[in-house]
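The primary structure of each chain is shown beneath.
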Amino acid sequence: MGIATTMDYGMILSIESSCDDSSIAVTEIATRKLLFHKKISQDAQHAVYGGVVPELAARLHTEALPKILEEVKPYFPHLRAIAVTNEPGLTVSLLEGVMMAKALCLALQCPMIPVNHLVGHVYSLFIDNPTHFPMSLLLVSGGHTMILEVESIDKITLVARTMDDSFGESFDKCAKMLGLPYPGGPHIENLAKTGNPLAHRFTIPLQGHKEIAFSFSGLKNAVRLATEAIDPDNIQAKADIAASFQHTATLHLIKQLDKYMSQAKPTTFAVVGGASANSYLRKELQNLCDRYKATLYLAPLAFCSDNAAMIGRAAIDLFERGDTLRYNDVEIRSRSNFN
Ligand code: KG4
Ligand code: ZN
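Quantities reported herein were computed from a predicted structural model and do not represent experimental measurements.

A.B. asks: How should I be thinking about the state of the cysteines in this particular structure?
C.D. replies: Defined simply, a disulfide is a covalent bond joining two cysteines at their sulfur atoms. Throughout the structure, instances matching the rule amount to zero disulfides. Of all cysteine sulfurs in the structure, the one in Cys110 sits closest to Cys105, which takes part in no disulfide; the separation is 6.1 Å. Judged by its relative accessible area of 2%, Cys105 is buried. Cysteine Cys289 is unpaired, with the sulfur of Cys304 as its nearest cysteine sulfur at 15 Å.

Structure representation (C-alpha cells):
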C-alpha cells in the first residue's frame, strides 16, 4: 500500500508523548506541509485523579500510539527520519514515544531526530510555514513559564523563568480548588467570563522585584484563602475568584514582560505553549506589543497544546542541518538545559 504521489517526496514522522498526549504527525520536508496529524488526549482519564498520573499516562500511551501508527503506515516508504520528543518530560511517558521511534528506525533503516519539547513549542509557530528568526517569546505551558530569545534552533537564550509554579500549573491548581476538572486552564477561562476580575484584589507577584522573573505560588495561596471563605455552592463567587485570579496572573506576566520589552525592544514577539490558548492573555499581549510596536506571533489554537506536528516541524530544521543520530545513541532526559 502507498500514498498517491507522483514524486518520491521525503517525509518525517514525528512522535510526541512527553506528558499526557499521545500524538503522531507526518510532515513533508521540502514544503513543510503537515500531511497527517493525530492526537489522543488522556485528559478524561487523568481528570479522575485531578492531575497527571505518570504510570497511567505511560500505560495509555502504550495503547494510543500504536493505534495512530496504524493510520500512517502508507507513509512509511517516504520517511527519511523519525523524530521524537526525548526531553524534558515525564520519564515513563517519554520512554513510550522514544521506544516506538527506535523500533521504527530499526525497521525502516531511518536516522533518528531527538527534539526538545520546548523547542517543539517554539516551532508550533511555523507549522506549514517557513521558519523566521530571530524572535523573543513567552513560553507558557503546564511545566514552564519562561522568556526565550531565539536566534536559530541551536541558539536559544533563557532570559527569565518562574521561581516556582508555572502559569498553566497555577490554572490547574486553582481550578482544582474551585472544583473544576483537569486540565484547569480552559475551565478557569470559561468560568472567568461571568466573573468580576476586580472582585478580589490579589497581590501581583514580584512587584518591585528588579530582575525579570515569574512566581505563582503566592497567588495560588491567596486563591486558596479566598476559596475557603466562600460558599462552595455559590457559582458567582467562584466566577469572581476565577476572573480575579486570571486577571492577576496575566497582569503579572505583562508587568514582567513590560520590563523585558523596555530593555530588549524586540520587534517580533511570540507566545507559545498550552496556556497561550488563553484569550485574556492573548488580548493583553497584543496590547503590550502594540505599545512597543512589536509584531505578535501566535500559534494556531490547535497547536498550542502538546502535539507531534510541532515536533515534526522542528525536526525538519534539524534534519536539514544534518542533526540526526543513530537510534541507539538517543537518550531520554526528564529535564533539559532550559529548565
Ligand atoms: O503545553 P501543554 O499542552 O503541556 C505542557 O507542556 O505542559 O500545556 C498544558 C497547560 C495546562 O496547565 C493547561 O491548564 C494550560 O496549559 N492551558 C491553559 C489554557 N488551555 C490550556 N491555561 C490557561 N488558559 C487556557 N485557555
Ligand atoms: Zn508542552
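A.B. asks: Help me understand the packing of helix α2 (residues 54–71) against helix α3 (residues 91–108) in this model?
C.D. replies: Relative to each other, α2 and α3 sit at 30 degrees, their axes nearing to 8 Å. Taken together, the axes of α2 and α3 are roughly parallel relative to one another. In the crossing of α2 with α3, the sense of the turn from one axis to the other is right-handed. When α2 is examined against α3, the residues Pro54, Glu55, Ala57, Ala58, His61, Thr62, Leu65, Pro66 and Leu69 are found in contact with a partner set consisting of Val92, Ser93, Glu96, Gly97, Met100 and Leu104.

A.B. asks: Would you mind going over the site of ligand 1 with me for this structure?
C.D. replies: As a matter of local geometry, ligand 1 sits amid 20 residues, with Gly142, Asp172, Glu189, Gly274 and Asn278 nearest to it. A distance of 3.0 Å separates an oxygen atom of ligand 1 from a polar atom in the backbone of Gly185. Starting from 550 Å² of accessible surface for ligand 1 in isolation, the protein chains cover 88%. Here ligand 1 occupies the largest pocket. Looking at the shell around ligand 1, the elements with two or more residues in it are α4 (117–123), α5 (167–177) and α6 (184–192).

A.B. asks: I keep staring at the sheet that holds strand β9 (residues 268–272) and nothing clicks. Help me out?
C.D. replies: The strands making up a sheet associate through hydrogen bonds between their backbones, and the pairing can be parallel or antiparallel. In spatial order, the strands read β8-β7-β6-β9-β10; together these five strands make up an open sheet with mixed pairing. Two strands lie at the open edges of the sheet, namely β8 (155–161) and β10 (295–298), each paired on one side alone. Ignoring strand direction, the axes of neighbouring strands in this sheet form an average angle of 25 degrees. Taken together, the four bridges between β9 and β10 define a ladder with parallel strand orientation. Its bridge partner lying in β10, Phe269 is registered against Leu296. Where helix α9 (residues 279–291) meets the sheet, its contacts fall on β6 (135–140), β9 and β10, and the angle it forms with β10 comes to roughly 155 degrees.

A.B. asks: Can you walk me through the pattern of salt bridges in this structure?
C.D. replies: If you walk through the whole model with that rule in mind, you get 16 salt bridges. Between Arg321 and Asp323 there is a salt bridge, with the nearest N and O atoms lying 3.2 Å from each other. For Arg321, a relative accessible area of 41% puts it in the partly exposed group. Judged by its relative accessible area of 34%, Asp323 falls in the partly exposed class. Salt bridges sharing common partners tie together Arg32, Arg313, Asp317 and Glu320.

A.B. asks: So what exactly am I meant to see when it comes to the coordination of the zinc ion (ligand 2) here?
C.D. replies: A metal bound by six donors in octahedral fashion has ideal angles of 90 or 180 degrees, whereas one bound by four tetrahedral donors has an ideal angle of 109.5 degrees. Each protein donor to the zinc ion (ligand 2) is listed here as His117 (NE2), His121 (NE2) and Asp306 (OD); together their distances run 2.0 to 2.1 Å. In primary sequence terms, the donor set of the zinc ion (ligand 2) follows H-x3-H-x184-D. With His117 in helix α4 and Asp306 in the loop between β10 and α10 (308–320), this residue pair connects regions lying 189 residues apart in the sequence. Accessibility classification places His117 together with Asp306 in one group, the buried group.

A.B. asks: Mind showing me how you'd approach the sheet that holds strand β3 (residues 34–41) here?
C.D. replies: What the five strands build is an open sheet, ordered β3-β2-β1-β4-β5; its pairing is mixed. Of all strands in the sheet, those bounded by a partner on one side alone are β3 and β5 (112–116). Neighbouring strand axes in the sheet, compared pairwise and without regard to direction, differ in orientation by 15 degrees on average. Two elements, strand β2 (residues 21–28) and β3, share seven bridges in a ladder whose sense is antiparallel. Looking at the pairing, Val26 lines up with Phe36 of β3. Set on the sheet, α2 makes contact with β1 (11–16), β2 and β3; between it and β2 the angle comes to about 25 degrees.

A.B. asks: Hey, could you run me through the packing of α5 against helix α7 (residues 217–228) in this one?
C.D. replies: Helix packing for two helices is described by the angle between their axes and how far apart those axes are. The contact between α5 and α7 brings their axes to 10 Å, and the two run at 15 degrees. Comparing the axis directions of α5 and α7 gives the class roughly parallel. By crossing handedness, the relation of α5 to α7 is classed as right-handed. Taking contact as the criterion, the partners of Lys173, Cys174 and Met177 in α5 are, on α7, Lys220, Val223, Arg224 and Thr227. Looking at the contact of α5 with α7, its residues break down into three nonpolar, one polar and three charged.

Thresholds, definitions, all that
Residues numbered from 1 in each chain as written. Chains lettered and ligands numbered in written order. Predicted model: local features only at pLDDT ≥ 70, side-chain atom pairs only at ≥ 80, totals over all residues. Heavy atoms only, no water. Disulfide = S-S within 2.5 Å. Buried < 20%, exposed > 50% of the residue type's maximum accessible area, 1.4 Å probe, protein only. Axes fitted to C-alpha atoms, helices over the stretch in contact; angles between N-to-C directions. Helix = DSSP H or I, 4+ residues; strand = E, 2+ residues; numbered from the N terminus. Parallel < 35°, antiparallel > 145°, perpendicular 65-115°, else oblique. Left-handed = near helix turned anticlockwise from the far one by under 90°. Contact = heavy atoms within 4.5 Å. Near = heavy atom within 4 Å. Polar contact = N/O pair within 3.5 Å; in protein donor to acceptor, adjacent residues only side chain to side chain. Areas by Shrake-Rupley, 256 points an atom, 1.4 Å probe, with all protein chains shown as cover. 1 Å grid on protein atoms, 1.4 Å probe; cavity = no way out; pocket = protein on both sides within 12 Å on 5 of 7 lines; lining within 4 Å. Sits in = over half its atoms within 2 Å of the grid points. Pairing = 2+ DSSP bridges. Salt bridge = Lys/Arg side-chain N within 4 Å of Asp/Glu carboxyl O. Donors = N, O, S within 2.8 Å, 3.2 Å for Na, K, Ca; no water. Nonpolar A, V, L, I, M, F, W, Y, C, P; charged D, E, K, R; others polar.

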